[in-house]
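Summary of structural features
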Amino acid sequence: MAMIIGSPTRYIQGKGEMKNLCSYAKNFGENLFVLTSASGRNRVEPSIKEGQGDCRITYDVFNGECSMTEIERLKKIVENVGSDVIVGVGGGKILDTAKAVAYYMEKPVMIVPTIASTDAPCSALSVIYTDEGVFEKYLFLPTSPNMVLVDTDIVSKAPARLLISGMGDALATYFEARACKRSNATNCVGGKCTLAAMSLAELCYDTLISSGVEAMVAAKEGVCTKAVENVIEANTYLSGIGFESAGLAGAHAIHNGLTAIEETHAYYHGEKVAFGTLVQLVLEDAGEDEIMEVMDFCLQVGLPVTLKELGIKEVKPEKIMEAAKLACAPEDTMGNMPFEVTAEDVYAAMMGADALGRYYSEA
């Protein structure tokens, strides 16, 4: 099987880049359909108008879940207004929805994250949920987005918790890539891991360790320092290319399992992935030094290391086992681990990671 690496055609990151959206969009069309939230529109519309020129823009408000119901609703609107370019502006579920709509309608898509909370922007992947927010399936897309545009002025002014959540998502990239490399798993774009993808995954982790705490402090002040720029790139590009072109394994499967527990729905994707990373390391029986480096990082930046920190105040074994079984579903990525993993193994690792988190939090 061939080695394959996926990447958006263009990745653009810088301060004040939102005003150039329409200028960049002219490569694809001049009638834009912009999917965003009501608050997101308020944040970006003034900058977009500054450089709008003769572009026509139709805005629509995202309903909250990247579900097939929402995708079908948006397809009808796009068809009615005759838009020729789909633009997703906002967080991960908005971006995944925009990519899915563009795919089904065979239109170009521009991805404009206003937060750096997940690695969704660069990927040829949409995570589909039920209308109630439970993980349903991965929709693998034939191509990466046509363009990813990141205005770091806007991203750095978002609540710091979102950047921190993005670090949690990015934290898994290297460890899942390593697991997939060891098992010779097929990556998310249908090939084997390249040297470049593995290097980007490792650089992603190194960037978090070197710049993460400084970026967290700056983000809480609402300022865009070089450390914040570094972490935005790690969360968005390095993690996006790293996970997709190297592969997903245990950490994201754990996240998907946790969606079966209603109490976790109030927590961000990256917060659950961070805990999933610790669970994967316990499953692997990783060395104490490695587990402690990840644990210390999570504690320093404020990522969850216990089930209680994910809203599960009363740990019921049957609920944890339900999550463990979902994490081991045949269509999920637990099968990319370099050894057989059962639901019982995942249950034990989740409880073990939770115990470690409680121990080190209280130390």
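Parameters and conventions
- Residues numbered from 1 in each chain as written.
- Predicted model: local features only at pLDDT ≥ 70, side-chain atom pairs only at ≥ 80, totals over all residues.
- Heavy atoms only, no water.
- UniProt positions renumbered as here; feature names shortened; annotations may be inferred.
- Helix = DSSP H or I, 4+ residues; strand = E, 2+ residues; numbered from the N terminus.
- Rg over C-alpha atoms; globule rule 2.2 N^0.38 Å.
- Buried < 20%, exposed > 50% of the residue type's maximum accessible area, 1.4 Å probe, protein only.
- Areas by Shrake-Rupley, 256 points an atom, 1.4 Å probe, with all protein chains shown as cover.
- Lys, Arg positive; Asp, Glu negative; His and termini not counted.
- Charge placed at Lys NZ, Arg CZ, Asp CG, Glu CD.
- Axes fitted to C-alpha atoms, helices over the stretch in contact; angles between N-to-C directions.
- Left-handed = near helix turned anticlockwise from the far one by under 90°.
- Contact = heavy atoms within 4.5 Å.
- Nonpolar A, V, L, I, M, F, W, Y, C, P; charged D, E, K, R; others polar.
- Parallel < 35°, antiparallel > 145°, perpendicular 65-115°, else oblique.
- 1 Å grid on protein atoms, 1.4 Å probe; cavity = no way out; pocket = protein on both sides within 12 Å on 5 of 7 lines; lining within 4 Å.
- Points joined across faces, edges and corners; volume = space filled by probe spheres on them.
- Core = buried A, V, L, I, M, F, W, Y, C linked by side-chain atoms within 4.5 Å.

As annotated in an unreviewed UniProt entry, the protein is Glycerol dehydrogenase from Candidatus Anaerostipes excrementavium. Listed in UniProt under the heading Pathway (unreviewed entry), the comment for the protein reads: "Polyol metabolism; glycerol fermentation; glycerone phosphate from glycerol (oxidative route): step 1/2." If you open the UniProt record of the protein and go to Sequence similarities (unreviewed entry), you find "Belongs to the iron-containing alcohol dehydrogenase family."

Across its full length, the protein holds 13 helices and eight strands. A compact globule built from 363 residues should have a C-alpha radius of gyration of about 21 Å, and the protein, at 19 Å, falls within 12% of that. Here the C-alpha coordinates of the protein stretch approximately 60 × 40 × 40 Å along the principal axes. Counting all 363 residues of the protein, 58% fall into the buried class. Within the structure as shown, the protein displays about 14300 Å² of accessible surface, and the carbon and sulfur contribution to it stands at 49%. Computing the positive centroid from 30 side-chain charges and the negative centroid from 49, the protein places the two 6 Å apart.

In a packed pair of helices, the relevant descriptors are the angle between the two axes and the axis-to-axis distance. For the pair helix 11 (residues 288–301) and helix 13 (residues 343–362), the least separation of the axes is 11 Å and the interaxial angle reads 65°. Where helix 11 crosses over helix 13, the handedness of that crossing is right-handed. When helix 11 is examined against helix 13, the residues Glu-288, Ile-291, Met-292, Met-295 and Leu-299 are found in contact with a partner set consisting of Leu-356, Gly-357, Tyr-360 and Ser-361. In the contact of helix 11 with helix 13, the residues fall into six nonpolar, two polar and one charged.

Where helix 12 (residues 317–327) contacts helix 13, the two axes come as close as 8 Å, and the packing angle between them is 125°. As judged from the angle between their axes, helix 12 and helix 13 are oblique. As for how helix 12 packs across helix 13, the hand of that crossing is right-handed. For the pair formed by helix 12 and helix 13, the contact residues are Pro-317, Ile-320, Met-321, Ala-323, Ala-324, Lys-325 and Ala-327 on the first element and Ala-343, Glu-344, Val-346, Tyr-347, Met-350 and Met-351 on the second.

This brings us to the layout of surface pockets. In this structure, the largest pocket occupies an estimated 840 Å³ of space. Listed by contribution, the elements that provide at least two residues to the lining of the largest pocket are helix 2 (38–50), helix 4 (92–105), strand 6 (125–129), helix 6 (160–183), helix 9 (250–258) and helix 10 (269–283). By residue number, the principal contributor to the lining of the largest pocket is helix 4, which donates four residues. When grouped by side-chain class, the residues that make up the lining of the largest pocket number 14 nonpolar, 18 polar and eight charged. As a volume, the second largest pocket reaches approximately 180 Å³. Together, 13 residues line the second largest pocket, and Tyr-103, Lys-107, Val-109, Thr-143 and Ser-144 are the ones closest to its centre. Of all the elements, helix 4 adds the most residues to the lining of the second largest pocket, at three residues. Along the lines of polarity and charge, the residues of the lining of the second largest pocket split into seven nonpolar, three polar and three charged.

Once that is clear, we can look at the nonpolar core. Core analysis: the biggest nonpolar cluster contains 95 residues, and Ile-86, Met-167, Leu-258, Val-294, Met-334, Val-346 and Met-350 have the highest contact counts within it. Of all hydrophobic cores here, the second largest spans 19 residues; its members include Ile-48, Cys-55, Met-110 and Val-112.

So, about the UniProt feature "binding site: glycerol" (unreviewed entry) in the protein. Under the UniProt annotation, "binding site: glycerol" (unreviewed entry) lies at Asp-119, Asp-169, His-252 and His-269. In three dimensions, the annotated residues from a span of 151 residues occupy one location, with a maximal C-alpha spread of 11.9 Å. None of the other annotated residues line the largest pocket; only Asp-119, Asp-169, His-252 and His-269 do. Asp-169 sits in the buried class, given a relative accessible area of 0%. Those residues in contact with Asp-169 that sit more than four places away from it in its chain are Ser-117, Thr-118, Asp-119, Ser-239, His-252, His-269, Gly-270 and Val-273. For His-252, the location among the structural elements is in helix 9. Under the relative-accessibility criterion, His-252 is labelled buried at 5%. Apart from residues lying up to four places away in sequence, His-252 is in contact with Tyr-138, Asp-169, Ala-172, Glu-176, His-269 and Val-273.

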